[in-house]
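# Remarks on the overall topology
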Amino acid sequence: MSDTIWDEHYRKLENMYHGKAPINGFFKPTIRISRMEAEVEIPVREDFFHAARSVHGSVYFKALDDAAFFAANSIVTEVFVLTLTFQLQLTRAIKDGFMTARGKVLQNLGNQIIAESVLYDSRGKEAARGSGVFVKSKMPLSPEIGYVLNRPDESER
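The chain carries the name Thioesterase in an unreviewed UniProt entry, which gives Leptospira fletcheri as its organism.

As structure tokens, this is what we get:
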């Protein structure tokens, strides 16, 4: 496939992430996807905190899984991938600023894709890392799930 077709695939995945995933309305993340890589950024808010006043591990998981997942789906153009397994290690508390997860594909085994991601705080310090196995689903990437070149809200402007 040409670079233009690949770039279109990445933009469609980004639009799907922003337009058809209701949970992202809560977390307000941004995403950038390229070949075998993805970066997710989430602004830190106090409603993400546990009792010790830092970000709950569930938010770490979301950022890490999303980054690894979209790195994996960056090399699959026909169907949505699914997270089969995902493991993470939490190493540093995040209390302010933003969190950035950078994911990359480690190995493409055809029916399974192994990807990892690393989470950084606003100061660039590693806060967590994770890795997972992703598999192809039977759900086609289509406009019905938001896999379109322009987000619906952009076309109305």
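Counting residues in hydrophobic clusters, the biggest one holds 43 residues, and the most contacted among them are Val 55, Tyr 60, Phe 70, Ile 94, Met 99, Leu 119 and Phe 134. Within the residue set of this core, elements represented by two or more residues are helix 1 (3-20), strand 1 (30-34), strand 2 (37-43), helix 3 (57-73), strand 3 (79-90), strand 4 (98-108), strand 5 (112-120) and strand 6 (126-140). The element best represented in this core is helix 3, accounting for 10 residues.

Take helix 1 next. For helix 1, with 18 residues, the first-to-last C-alpha span of 25 Å sits near the 26 Å given by 1.5 Å per residue. Restricting attention to buried positions, one finds in helix 1 the residues Trp 6, His 9, Tyr 10, Lys 12, Leu 13, Glu 14, Asn 15, Met 16 and Tyr 17. Structurally, helix 1 contributes buried residues whose contacts are with helix 2 (24-27), strand 1, strand 2, helix 3 and strand 3.

Considering all chains together, one arrives at 10 aromatic pairs under this definition. On the numbers, 6.2 Å between centres and 25 degrees between planes, the contact of Trp 6 with Tyr 10 is stacked. Of this pair, Trp 6 and Tyr 10 are both found in helix 1, 4 residues apart, which corresponds to roughly one turn of the helix. For the pair formed by Trp 6 and Tyr 10, the shared burial category is buried. An angle of 80 degrees between the planes, with centres 5.2 Å apart, marks the rings of Tyr 17 and Phe 70 as edge-to-face.

What counts and how
Residues numbered from 1 in each chain as written. Predicted model: local features only at pLDDT ≥ 70, side-chain atom pairs only at ≥ 80, totals over all residues. Heavy atoms only, no water. Core = buried A, V, L, I, M, F, W, Y, C linked by side-chain atoms within 4.5 Å. Buried < 20%, exposed > 50% of the residue type's maximum accessible area, 1.4 Å probe, protein only. Helix = DSSP H or I, 4+ residues; strand = E, 2+ residues; numbered from the N terminus. Expected span 1.5 Å × (residues − 1). Contact = heavy atoms within 4.5 Å. Phe/Tyr/Trp six-rings, centres within 6.5 Å; stacked < 30°, edge-to-face > 60°.

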